[in-house]
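# Architecture at a glance
Residue-level listing of the chains:
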Amino acid sequence: MEKYPTGLFVPRGRSYRSFGIVENTGGLVRSTSPFAVPMAATPPQRSSSLVPPVVPMELHAINRNKLLESLRQNLAQSGRPIHGIVLLQGGEERNRYCTDHVELFRQESYFAYLFGVREPGFFAALDITTGLSFLFAPRLAADYAVWQGEIKPLSYFKERYMVHAAFYVDEMVNILRDKYQGPGRPLLFLLHGLNTDSNNFSKPAEFKGIEDFEKELDTLHPILTECRVCKTEKELALIQFANDISSEAHIAVMRNAKVGMKEYQLESTFLHHTYMYGGCRHCSYTCICATGENSSVLHYGHAAAPNDKTLKDGDMALLDMGAEYHFYGSDITCSFPVNGKFTDDQRLIYNAVLNAHDAVISALKPGVSWIDMHKLAEKIILQSLEKGGIIVGNVEDMMDQRLGAIFMPHGLGHLLGLDTHDPGGYAEGLKRSEEAGLRALRIVRELKEDMVITVEPGCYFINALLLPAVENSKTSRFFNHDAIKRLKDFGGVRIESNLRITASGCINMTKVPRDTWEIEAVMAGSPWPLDDSIISSKKRPRAS
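Residues numbered from 1 in each chain as written. Predicted model: local features only at pLDDT ≥ 70, side-chain atom pairs only at ≥ 80, totals over all residues. Heavy atoms only, no water.

Counting residues in hydrophobic clusters, the biggest one holds 85 residues, and the most contacted among them are Leu364, Trp370, Leu403, Phe407, Phe461 and Phe479. For this core, the leading source of residues is helix 9 (residues 344–363), giving eight residues. With sequence-adjacent residues up to four places away left out, phenylalanine 461 is seen in contact with Ser296, Ile349, Ile390, Phe407, Leu466, Ile484, Leu487, Lys488, Phe490 and Gly491. Formed by 69 residues, the second largest nonpolar core is a distinct cluster that contains Leu67, Leu88, Tyr110 and Met509. (Core = buried A, V, L, I, M, F, W, Y, C linked by side-chain atoms within 4.5 Å. Buried < 20%, exposed > 50% of the residue type's maximum accessible area, 1.4 Å probe, protein only. Helix = DSSP H or I, 4+ residues; strand = E, 2+ residues; numbered from the N terminus. Contact = heavy atoms within 4.5 Å.)

Dropping the structure here:
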């Protein structure tokens, strides 16, 4: 068995086994996450060697201590007394409109971060002075036991979620009064702040009797958001597992994709693999399974475009899908020809994006500006398109005219964790740019160790952007009009990996074929990771 070191980034072209935390087990990929459960030797016909890891609730206790340390430091530095109670309200189950159909519940992410509670209807409190943590469970009606199962005692929640005590929600007002140790009315720190991706605000806790408490709405949100930006080792292990199972699922999709299938069959293959072998009941987001011209639709797959096109010979597929495990997600995009063989145009566009992807990853380390990384990706894509005759002229002039935003209108990537677009990309004081392309950035800050960030450059032929640019007097001169006409129905390519920032670089947590020859080999039936004999015979220099 070959073992590979962790904590190292090796540039693409050295095959999958140089990435991340893996062992080569004769063609199967075994996670070496510290949470992984030991398992017996897996028969060759099994579709996965991964086992859903046991999640230690200590993960959330560590997160609570991280918040306490940051909050106490903030209060001390601002000259405020170190007392008060952090109070969060968990998510509620929702019915489908007026029906009795209950939608599958997923916990609110800030609540999940601190307490890991999977059930709806809870509140939770954290005493800033003592560090004690409390859960408040809904008092369930007796017939819950008939329809929904056993009514758990409070001791179950105390032990399962590693809190100091558990009570019922209807006892909360009295308990909060009793636990408060400061002067005057009990002070509650409530969660209220802007999510810079959605422009929605976090909902502060609400309950009957809250008027008897002092409410502080400004302090908690920015501090708790910043706590989520850099992950702990236990969080990183869960994100790694989500990447491992999602990488396997992407490869399963790649192997099974055939002309004549429906896009939703690719989605179904992914969902089956991640749930069947990874225990992932939730996805990080709605699957994007776009082929042909649909691959230029950045957020394809929604209700009005439900992954229902038939795969055609000559189409490119752009599949953006990621599984979620115990609230922590992944976000991976693979692009490949549905017939298993790249055409010259497909290879040109794909390698333009892959070169940008790899150049950014090679440059990642603490202190790097994400805005600079976005511009680097734009420039490399433009250089490749110019070399391939798709555009003409001076690339620096193109950059000045923001031509890169025509081909890549979205941001280069985003923070990843409990949410696909994890918060914290705009720390206090940072403003959004008004420039094309740059205004789509979900993060503008410098990178820090133990961030997890996606790198997802793309190149798309979007008529709504290309046609005005072709007619614009400032940008028309940059286009080879015959080439643009030829590629108007091409769609697009996106390549997305999840990166953990280390002290001196990064680790690629995503483990899928990336070079065109790797993709063609896997789609033709070769094992993944590729055998050394295939690597030596198939590897070719990549077009720039």
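After presenting the structure, the write-up continues.
For the coordinates displayed, the defined rule picks out 25 salt bridges. Between arginine 185 and glutamate 214 there is a salt bridge whose closest N-O contact spans 3.0 Å. Linking arginine 185 in the loop between helix 5 (172–179) and strand 8 (187–190) with glutamate 214 in strand 9 (residues 214–216), this pair joins segments that are 29 residues apart in sequence. For arginine 347, the salt bridge goes to glutamate 520, with nearest N and O atoms at 3.3 Å. Taken as a pair, arginine 347 in helix 9 and glutamate 520 in helix 15 (residues 516–523) lie far apart in primary sequence, 173 residues in all. Taking the relative accessible area as the measure of exposure, glutamate 520 reaches 14% and is therefore buried. (Salt bridge = Lys/Arg side-chain N within 4 Å of Asp/Glu carboxyl O.)

Backbone hydrogen bonds hold the strands of a sheet together, and the pairing may be parallel or antiparallel. A sheet is described by the order of its strands in space; here three strands give the open sequence 10-13-14, paired in antiparallel fashion. Two strands bound the open sheet, and with one partner strand each, they are strand 10 (282–283) and strand 14 (328–329). Here strand 10 pairs with strand 13 (residues 323–325) via two bridges, running antiparallel. Note that in strand 13 the partner of cysteine 283 across the bridge is alanine 323. (Pairing = 2+ DSSP bridges.)

All right, on to the sheet that holds strand 16 (residues 452–455) then. Strand order across the open sheet formed by three strands is 16-19-20, with antiparallel pairing between neighbours. One side of each edge strand has no neighbouring strand; the edge strands of this open sheet are strand 16 and strand 20 (506–508). Neighbour to neighbour, the strand axes of the sheet diverge by 35° on average, direction disregarded. (Axes fitted to C-alpha atoms, helices over the stretch in contact; angles between N-to-C directions.)

A separate point is the pairing of strand 4 (residues 85–89). A large share of strand 4 lies buried, amounting to five of its five residues. Residue alternation in strand 4 divides its side chains into two sets, Ile85, Leu87 and Gln89 and Val86 and Leu88, and both sets are buried. In terms of strand pairing, strand 4 meets strand 8 through three bridges, oriented parallel. Within strand 8, the residue paired with isoleucine 85 across the bridge is leucine 188.

In this section: helix 5. Along helix 5, the residues classified as buried are Met172, Val173, Ile175 and Leu176. Taken around the axis of helix 5, the buried residues stretch over an arc of 165°, which confines them to a single face. Check the buried side of helix 5 and you find it contacts strand 4, strand 5 (123–127), strand 6 (133–137), strand 7 (165–168) and strand 8. (Arc of directions from axis to C-beta.)

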